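# Structural overview for review
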Amino acid sequence: MSGCPCTTTAAAAASSPLSLPRSACRTRSAIANANAAGWRVRGGAARRSLVVAASSSSGSKDETAKGEKQQEEEESEFNPFGFVTDNPSSRGAIQLPESPAQDGNVGQMLYRIEDKGREFGSRVKSGKLRWFVRETGSAGARRGTVVFIHGAPTQSYSYRMVMSQMADAGYHCFAPDWIGFGFSDMPQPGYGFDYTEEEFHKSFDELLGTLNINEPFFLVVQGFLVGSYGLTWALKNSSKVLKVAILNSPLTVSSPVPGLFNQLRLPLFGEFTCQNAVLAERFIEAGSPYVLKSEKADVYRLPYLQSGAPGFALLEAARKANFRDILSRISAGFSSNSWEKPILLAWGISDKYLPLPIAEEFQKGNPAAIKLEPIEGAGHMPQEDWPEKVVTALRFFL
């Protein structure tokens, strides 16, 4: 054929039994974008349409419409990105909007969520690093200062509701994002920060000085890895701590390590795993009886969407951590032979990573100092699942 039937004159189109409606014609751009396999499928559909049109010049409009519909269905079979855009599971996993123009577009996702999740927070320079720190209450708060420490792979955003209510109760609250997490600096490993336990402790000490936290304070800790570093810091600086409240965290050598951290330690596989944009939200949901609402999931996802830096920071920290040694020191350091200050275990009993027996075992090591407060209905992050119950437990304890 010398040209597409839709380019014929109106008179020719009216008289020719082989004329096709404009919507049935294949454009040059569609042909250029099709690969060999797709061309065979589409070509067959086009030829079948021509045969139908030629053999039934007196056919009804319904038959023509049926042929067009069949052609469109067969053409839609070829979609090189269908595994992303046409897969309901994939779309749900990253919670994209219904608008096809935005599906899979990271830039559009960032535009919609880039201003979320910064409640009560600001950037604070401490030494050569800039921390993102949330603060509620005031320096003159009558009940004292509380510092909240998050775990990996999350951020201080999880404490926003607890901090707000604790400030109303008369406390001055701080919750920093660890270096490499949330909205804090994420230096490349080996260039200003090595993501070791010692580096985290040193930078945390500097931050406390920058925030003018010079008097003993209440410490609240939750989570794996950097959460554990909050506890090992407390063991080395017991004089700076009044009381310690521990939300679901690994505390004994028998504490299981989630598969995520084992995957991160594998060569090559770890590099792929750490760049999963939904890594944090999926980790939270896997340890909880609930699914995060979209607006919350957006915030936990945001740092991993903005760059690859937080993923590589997590990767570096996980590979440099000796989990067994850390847990051994925590278990021994808070035992009755070594620790006398009050400890609260506010434990979400629906935690799928760290079941309640972990807390009970830890309590047996120092029953005089450790109080266990089970929180029904909460999972691995009780501050996210049931902030009101966490606040109630903290107020009675502090």
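Residues numbered from 1 in each chain as written. Predicted model: local features only at pLDDT ≥ 70, side-chain atom pairs only at ≥ 80, totals over all residues. Heavy atoms only, no water.

Looking at an unreviewed UniProt entry, one finds the chain named AB hydrolase-1 domain-containing protein, with Leersia perrieri as its source organism.

The next point concerns the overall build of the chain. For the chain, the helix and strand inventory stands at 19 helices and eight strands. Buried residues in the chain amount to 47% of all 398 residues. Taking as baseline every contact in the chain between residues at least 6 positions apart, the subset at least 24 positions apart corresponds to 76%. Accessible surface, the chain as shown: approximately 19300 Å² in total, 53% of it carbon and sulfur. (Helix = DSSP H or I, 4+ residues; strand = E, 2+ residues; numbered from the N terminus. Buried < 20%, exposed > 50% of the residue type's maximum accessible area, 1.4 Å probe, protein only. Contact = heavy atoms within 4.5 Å. Areas by Shrake-Rupley, 256 points an atom, 1.4 Å probe, with all protein chains shown as cover.)

With that settled, the discussion passes to the pattern of salt bridges. Using the criterion set out here, one finds 14 salt bridges in the structure. Lys296 is the salt-bridge partner of Glu384, the closest N and O atoms lying 3.6 Å from each other. Residue Glu384 is located in helix H18 (residues 382-385), and its partner Lys296 is located in helix H14 (residues 294-306); the two are separated by 88 residues in the primary sequence. One salt bridge connects Asp298 with Arg301, and the closest N-O pair in it is separated by 2.9 Å. Of the two residues, Asp298 and Arg301 are both situated in helix H14; the distance of three residues between them amounts to about one turn of the helix. (Salt bridge = Lys/Arg side-chain N within 4 Å of Asp/Glu carboxyl O.)

Pairing in this open sheet of eight strands is mixed, and the strands run E1-E2-E4-E3-E5-E6-E7-E8 from one edge to the other. Taken across any chain shown, the strands that pair with only one partner, and hence form the sheet edges, are strand E1 (121-126) and strand E8 (370-375). Across the sheet, the mean angle separating the axes of adjacent strands is 25° when strand polarity is ignored. In this sheet, E8 lies alongside strand E7 (residues 343-348) in parallel orientation, the contact comprising six bridges. Bridge assignment links Ile343 to a residue of E8, and that residue is Ile370. Along the sheet, helix H9 (residues 197-210) makes contact with E1, strand E2 (129-136), strand E3 (145-149), strand E4 (172-176) and strand E5 (217-221), crossing E1 at roughly 110°. Lying on the sheet, helix H17 (residues 356-364) is in contact with strand E6 (241-247), E7 and E8; it crosses E8 at an angle near 165°. (Pairing = 2+ DSSP bridges. Axes fitted to C-alpha atoms, helices over the stretch in contact; angles between N-to-C directions.)

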